[in-house]
Amino acid sequence: MQSSELRRHCERRLSALDRERTTWLAHWRELSDNILPRRGSFLGPAARARGGKLNNKLLDSTAMLAARTLASGLMAGLTSPARPWFRLGLGSPAVSAVPEVRAWLDDVQGRMFRVFARSNLYNALAVAYEELAVFGTAALVVTEDAKEIVRAYPLTAGEYWLAASERGSVNTLYRTFGMTTFQLVERFGRGAVSTLVRERYDRGQWDHEVEVVNAIEPNEEVHESGGFARHKHDMAYRSVWYEKGAPNNQGDESLLDVGGFEEFPALCPRWHLAGNDVYGRSPGMDALPDAKSLQRMQLRFAETLDKMVSPPMVASPSLRGAAVASTPSAVTYVADLEGAGFRPAYQINPPLAEFTAAIRERQQAVRAAFHADLFLMATQLEEVRTATEVAERRAEKLVMLGPVLERLHDDLLEPLIGRVFQIMARNGHIP
């Protein structure tokens, strides 16, 4: 496929994927506004103020903190860097039990844990769990790295598009993100970038940001040649890079780069799937009605307290234009003490106890939607328990999330371990 034809193919498919994702995007934006305002990319990298205050709509942080608790619980329960969270084996348990085979598996397992620890994989997983809890879908791209062997790039909702195979597993990822002029030239070379980017680079405008598209999808032109020595254009998955909206630079060569992967490099876990949906449903979607109600209730509660502490006042017309003070110990001088009153327009006596109880009930509903009560079970115990009981309770809370954990095993953990193993094998790090 020629470069111009390949670019047109990617642009057409991106448009189709964007139409499919439109309804999800509106839902994600609402989740971002009310639960996780610092996540989500909905206006493009150039239009979003990276350092701006993004939580203006939040008056109650219960949902945000509950999502953080769920993400931390998943991190500690599934992929804690403080303990061995997976064990390698072969298809045959009998062969895995052979002492020499077990020794080799343990050696490889130790090497993989060291690669996980020295790379940014754990940091990327923490981001993915938070995205998963709120948006229902997470995505991170795991690539080879000359310095750390592997490198992970977590994505946020709104900057990527997904498509699935007939088996329901994600096999296509399109993403858009900003790269500076210097980053583009550094990665792809001065001759590959568009004329406009090259001119900016020559003028020293290195930090101007350009929107770039990366398309990763099955390669329909793949040639099965076996082994690890296939050309990058003949790999099972194709990776295409181009500047979004940039004109052709050299004839029909309108692409920054065309590469490939032996395995699908993107890990895209989904919390819960309905039918043949590509994107998942989340606890954040369950908690959204209560989270929005909390914002409104906190606003009304604050207004009620304001009216109690600083109520609207009425005064005699003779005080118009006069200096009137309402601070403690202040004195307002009037000529007629009887006719020139300065008093509250009305007195309110709100049921503060009932109001507080209603807010507390909503907050508990939000925490329950995020399963925060499961992960904070130890801190909620009224008396000291034995270590055995605490361990059993920890195992019990993971059982409560059984279906979700099975999906994470299928969508995230097993592909991650397989991807890291294959990268290490190709680079000579597996004995």
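Computed from a predicted model, the values in this text were never measured in an experiment.

1. Focus: the environment of Trp85
Summarising the element assignment, Trp85 is placed in the loop between α2 (62-78) and α3 (93-96). Taking the C-alpha atoms as reference points, Trp85 and Phe113, separated by 28 residues in sequence, lie 9.2 Å from one another. Contact partners of Trp85, with chain neighbours within four places excluded, come to Leu78, Thr79, Ser80, Phe113, Phe116, Tyr122, Leu413, Leu416 and Ile417. Side-chain polar atoms of Trp85 contact the side chain of Tyr122, separated by 2.9 Å.

2. Some points on the nonpolar core
The biggest cluster of nonpolar side chains holds 97 residues, and the ones touching the most others in it are Trp28, Leu74 and Phe370. If near-sequence neighbours (up to four positions away) are discounted, Trp28 is found in contact with Arg21, Phe42, Phe135, Ala157, Gly158, Tyr279 and Met285.

3. What about the confidence of the model for the chain?
The predicted model of the chain averages 85 in pLDDT, with 83% of residues at 70 or higher. Long-range and interchain partners of residues 223-229, a stretch whose pLDDT sits below 50, account for eight contacts in this model, where long-range means more than four residues apart. Predicted confidence for residues 248-252 stays below pLDDT 50, and this span has 11 contacts to residues more than four positions away or in other chains.

4. Focus on the pattern of salt bridges
Under the counting rule described, the total for this entry stands at 19 salt bridges. Between Arg39 and Glu131 there is a salt bridge, and its shortest N-O distance comes to 3.9 Å. Of this pair, Arg39 sits in the loop between α1 (3-34) and α2 while Glu131 sits in helix α5 (residues 121-135), and the two are 92 residues apart along the sequence. For Glu131, a relative accessible area of 0% gives the class buried.

5. Some remarks on the sheet that holds strand β2 (residues 149-155)
Spatially, the three strands line up as an open sheet ordered β2-β1-β8, and their pairing is antiparallel. Every other strand in the sheet has two partners, leaving β2 and β8 (266-267) as the edge strands with one partner each. With two bridges joining them, strand β1 (residues 139-145) and β8 adopt antiparallel strand pairing. Following the sheet pairing, Val141 is matched in β8 by Ala266. Each of β1, β2 and β8 is contacted by helix α12 (residues 402-426), which is oriented at about 10 degrees to β1, the strand it contacts most.

6. Quick look at the side chain of Thr62
For Thr62, the position within the fold is in helix α2. Apart from the residues within four sequence positions on either side, Thr62 is in contact with Leu294, Gln363, Val366 and Arg367.

7. Digging into the packing of α1 against helix α8 (residues 283-309)
Close contact between α1 and α8 brings their axes to 10 Å; oriented N to C, the two are set at 50 degrees. Classified by the interaxial angle, the pair formed by α1 and α8 is oblique. Viewed along their axes, α1 and α8 form a crossing whose handedness is left-handed. For the pair α1 and α8, contact is made by Trp24, His27, Trp28, Glu30, Leu31 and Asn34 and by Gly284, Met285, Leu288, Ala291, Lys292 and Gln295, respectively. Here the residues of the contact of α1 with α8 sort into six nonpolar, four polar and two charged.

8. A word on the sheet that holds strand β6 (residues 237-243)
Spatial ordering of the open sheet is given by β3-β4-β5-β6-β7, a layout of five strands whose pairing is antiparallel. Single-partner strands in this sheet number two, and they are β3 (160-164) and β7 (257-261). Recorded for the sheet is a direction-independent mean angle of 20 degrees between the axes of neighbouring strands. Bridging between β3 and strand β4 (residues 170-180) involves five bridges; their strand directions are antiparallel. When the sheet's bridge partners are listed, Leu162 is paired in β4 with Leu173. Each of β4, β5 (209-218), β6 and β7 touches helix α6 (residues 181-188); the most contacted strand, β4, lies at about 125 degrees to it.

9. With respect to the environment of Gly189
Relative to the assigned elements, Gly189 resides in the loop between α6 and α7 (195-202). Judged by its relative accessible area of 23%, Gly189 falls in the partly exposed class. In this structure the C-alpha to C-alpha distance between Gly189 and Leu256, which are 67 residues apart in sequence, comes to 8.8 Å.

10. Let's talk about the pairing of β1
When you tally the buried positions in β1, you get five out of seven residues, the bulk of the element. With seven bridges joining them, β1 and β2 adopt antiparallel strand pairing. By the bridge assignment for β2, Leu140 is matched with Pro154. Connecting β1 to the antiparallel partner β2 that follows it, the hairpin turn spans three residues.

11. Topic: α6
What α6 keeps buried is the set Thr181, Leu184, Val185 and Phe188. Around the axis of α6, the buried residues are gathered within 95 degrees of arc, so they sit on the same side. Facing away from the buried side of α6 by over 90 degrees, the exposed positions are Glu186 and Arg187. Turning to α6, the residues buried within the fold contact β4, α7, β5, β6 and β7. Where α6 terminates, the next one or two residues include Gly189, which has phi positive at roughly 95 degrees.

12. Notes on a nonpolar patch on the surface
A contiguous nonpolar patch, built from Leu305, Met308, Val309 and Ile348 and spanning about 340 Å² of accessible area, is present on the exposed surface. By the element assignment, Val309 lies in helix α8. On the basis of relative accessibility, which here comes to 73%, the residue Val309 falls in the exposed class.

The rules behind these values
Residues numbered from 1 in each chain as written. Predicted model: local features only at pLDDT ≥ 70, side-chain atom pairs only at ≥ 80, totals over all residues. Heavy atoms only, no water. Helix = DSSP H or I, 4+ residues; strand = E, 2+ residues; numbered from the N terminus. Contact = heavy atoms within 4.5 Å. Polar contact = N/O pair within 3.5 Å; in protein donor to acceptor, adjacent residues only side chain to side chain. Core = buried A, V, L, I, M, F, W, Y, C linked by side-chain atoms within 4.5 Å. Buried < 20%, exposed > 50% of the residue type's maximum accessible area, 1.4 Å probe, protein only. pLDDT = per-residue confidence, 0-100. Salt bridge = Lys/Arg side-chain N within 4 Å of Asp/Glu carboxyl O. Pairing = 2+ DSSP bridges. Axes fitted to C-alpha atoms, helices over the stretch in contact; angles between N-to-C directions. Parallel < 35°, antiparallel > 145°, perpendicular 65-115°, else oblique. Left-handed = near helix turned anticlockwise from the far one by under 90°. Nonpolar A, V, L, I, M, F, W, Y, C, P; charged D, E, K, R; others polar. Arc of directions from axis to C-beta. Patch = residues over 30% accessible without salt bridge, like charges linked within 9 Å, V, L, I, M, F, W, Y side chains within 5 Å. Areas by Shrake-Rupley, 256 points an atom, 1.4 Å probe, with all protein chains shown as cover.

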